[in-house]
Amino acid sequence: MQLNNGYALVTGASGGIGREFALQLAAQGRAVILVGRNVKALEDVKSSLTGARAADALVIPCDLAKPGAAETLHKACADRGAVVDLLVNNAGWGLFGASVDLAPADLEAMVNLNISALTNLCSLFGRDMKARGHGGILNVGSFAGLNATPYFGSYAATKSYVLSYSLALRAELAGTGVAVTCLLPGYVRTAFDGNAGITSDAYLEFSHSNSLGADQVARIGLRAMARRRSWVIAGARNNLAAAFFGLLPRTAPPAIMKPFLDKLVQRKP
Ligand SMILES: NC(=O)c1ccc[n+]([C@@H]2O[C@H](COP(=O)([O-])OP(=O)(O)OC[C@H]3O[C@@H](n4cnc5c(N)ncnc54)[C@H](OP(=O)(O)O)[C@@H]3O)[C@@H](O)[C@H]2O)c1
């Protein structure tokens, strides 16, 4: 895969796993485009970059939950003359809670970000990569997307979409020089749980004690991409859990998880 002259665009680069993607890609000598809403945090990441092309880094603020955001971002790159040959679709947001209690506006914003923006960015930048005959797309899904997940029902479903779509896109682009990889992290120590609205100490303790560092997860994703793997689950424990759940009927994982999660969040069934 010939990826060395253009830019690596990382969405959600202002913190968490995306920040680590940006730091690691820059350290590998890549020029990066940092995308997110928090300009100050993006500038901070920019000033932490190392590597031969760190000075070429671009900050492009963009709210990817807004309709038309992917087109706006694609145009902003073109206007700056930046050729994107690696797209890391990392930005994502989870909504935790009973599905019937979630606000429609929040659900719409989550779907816009996790599904619409990711898909449209794959189309727009993937088309350019295909025309050039080389490129790479790394989509961040989730372990949660492998099974129906109570209280993360809609979020987990958006991540099922990400895996399914990534595998289809990969098949379509086979032989064009454009590789597609989907990364499935389990719990990761980032702001994700807090942003999802999780307040239960027991849940946060459980999540934290079973989590990987954002740097580890980004490294696993970039390694899988370099090896042209179709998808990768981050962490040995998550791989074991996925193999176990994979043996069960599709109705079993949510039935097993529900009472466990009820206990963690002290919710009465
Ligand atoms: N942490 C976990 O346990 C976990 C597990 C599995 C999968 N994941 C996935 O990993 C990815 C990264 O999550 P994380 O753990 O690093 O979470 P995080 O720390 O909350 O970071 C999320 C990133 O997404 C960006 N973002 C959020 N809304 C956005 C919007 N509307 N437009 C543009 N950017 C937006 C945020 O930047 P701004 O605030 O600057 O916009 C931030 O940089 C997500 O796709 C998430 O679903 C996380």
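Cut-offs applied
Once a new chain begins, its residue numbering starts again from 1 and follows that chain's sequence as written. The predicted origin of the model limits local features to residues at a pLDDT of at least 70 and limits the giving and counting of side-chain atom pairs to 80 or more, whereas totals for whole chains, interfaces and linings rest on all residues. Here the side-chain values reflect all heavy atoms present in the structure, with hydrogen atoms and water set aside. The pocket and cavity definitions rest on a 1 Å grid over protein atoms only: a 1.4 Å probe that fits but cannot leave marks a cavity, an open set with protein on both sides within 12 Å along at least five of seven lines marks a pocket, and residues lining either have an atom within 4 Å of a point. Grid points are joined across faces, edges and corners, and a volume is the space filled by probe spheres set on the points. Under the scheme used here, helices are H or I runs from DSSP no shorter than 4 residues and strands are E runs no shorter than 2 residues, and both carry numbers assigned from the N terminus. Ten residue types, Ala, Val, Leu, Ile, Met, Phe, Trp, Tyr, Cys and Pro, are classed as nonpolar, four, Asp, Glu, Lys and Arg, as charged, and the remainder, Gly among them, as polar. Residues form patches when they are more than 30% accessible in relative terms and have no salt bridge. Like charges link within 9 Å. Nonpolar side chains (Val, Leu, Ile, Met, Phe, Trp, Tyr) link within 5 Å. For accessible areas, the Shrake-Rupley method is used with a probe of radius 1.4 Å. Any residue's cover is judged against the shown protein chains and nothing else. Any Lys or Arg side-chain nitrogen located within 4 Å of an Asp or Glu carboxyl oxygen qualifies as a salt bridge. Only protein chains enter the area calculation, which uses a 1.4 Å probe; residues under 20% of their type maximum are buried, those over 50% are exposed, and those in between are partly exposed. The nearness test applies per residue and asks whether one of its heavy atoms lies within 4 Å of the molecule or strand. Any N or O atom pair separated by 3.5 Å or less is treated as a polar contact, with the protein-specific requirement of one donor-capable and one acceptor-capable atom, and with residues adjacent in sequence counted only for side-chain atom pairs. For two strands to pair, DSSP has to find at least two bridges joining them. Handedness rule for crossovers: strands pointing away from the viewer, path from the first strand over the helix to the second running clockwise, crossover right-handed. Whether two aromatic rings pair depends on their centres lying within 6.5 Å, for rings of Phe, Tyr and Trp, where Trp uses its six-membered ring; planes under 30 degrees apart make the pair stacked, over 60 edge-to-face, and the rest tilted. As a reminder, the over-ring test applies to NZ of lysine and CZ of arginine, requiring each to be within 6 Å of the ring centre and within 35 degrees of the ring normal.

Colleague: So what exactly am I meant to see when it comes to empty space enclosed by the protein here?
Modeller: A water-sized probe, rolled over the atoms, reveals where empty space remains. Taken as a whole, this structure holds one cavity of 30 Å³ or more when the rule is applied. Space inside the largest cavity adds up to approximately 40 Å³. Taken together, T11, L64, N89, N90, A91, L113, A117, L118 and L121 make up the full set of residues lining the largest cavity. No other element matches the four residues that helix α4 (residues 104-132) contributes to the lining of the largest cavity. When grouped by side-chain class, the residues that make up the lining of the largest cavity number six nonpolar, three polar and no charged.

Colleague: Honestly, a nonpolar patch on the surface in this entry has me stumped. Any pointers?
Modeller: On the surface, F244, L247 and I256 cluster together to form a nonpolar patch covering roughly 340 Å² of accessible area. Along the chain, L247 falls in the loop between α9 (236-246) and α10 (252-264). Look at L247 and you get exposed, because its relative accessible area is 71%.

Colleague: I would appreciate a short explanation of the site of the ligand in the present structure.
Modeller: In the vicinity of the ligand there are 30 residues, among which S14, R37, N90, Y155 and T190 approach most closely. In this structure, I17 approaches the ligand through a main-chain N or O atom, which is 2.8 Å from an oxygen atom. At 2.9 Å from an oxygen atom of the ligand is found a side-chain nitrogen or oxygen belonging to K159. Considering the ligand on its own, with 880 Å² of exposed area, one finds that the protein chains cover 92% of that surface. For the shell around the ligand, the elements supplying multiple residues, two or more each, are α1 (16-27), α5 (153-173) and α6 (192-195). A class-by-class count of the residues in the shell around the ligand yields 14 nonpolar, 13 polar and three charged.

Colleague: Please clarify how the pairing of strand β4 (residues 84-89) should be interpreted in this entry.
Modeller: Each regular strand displays side chains that alternate between the two surfaces of the sheet. Extensive coverage of β4 is indicated by the burial of six of its six residues. As paired strands, β4 and strand β5 (residues 135-140) are joined by four bridges and run parallel to one another. From the neighbouring strand, L87 faces β5, where its bridge partner is I137. Crossover connection from β4 via α4 to parallel β5: handedness right-handed.

Colleague: I would appreciate a short explanation of the packing of aromatic side chains in the present structure.
Modeller: Each aromatic ring pair is summarised here by two numbers: the centre-to-centre distance and the angle between the ring planes. In this structure the tally under the stated criterion is 11 aromatic pairs. Ring plane angle 45 degrees and centroid distance 5.7 Å describe the contact between F244 and F245, whose orientation is recorded as tilted. Since its relative accessible area comes to 46%, F244 is described here as partly exposed. Accessibility expressed as a relative area gives 13% for F245, which makes it buried. An aromatic cluster of at least three residues, connected via ring pairs, comprises F96, Y151, F152, Y155, Y187, F192, Y203, F206 and F260. Its end group placed over the ring of Y7, R53 keeps NZ or CZ at 5.6 Å from the ring centre.

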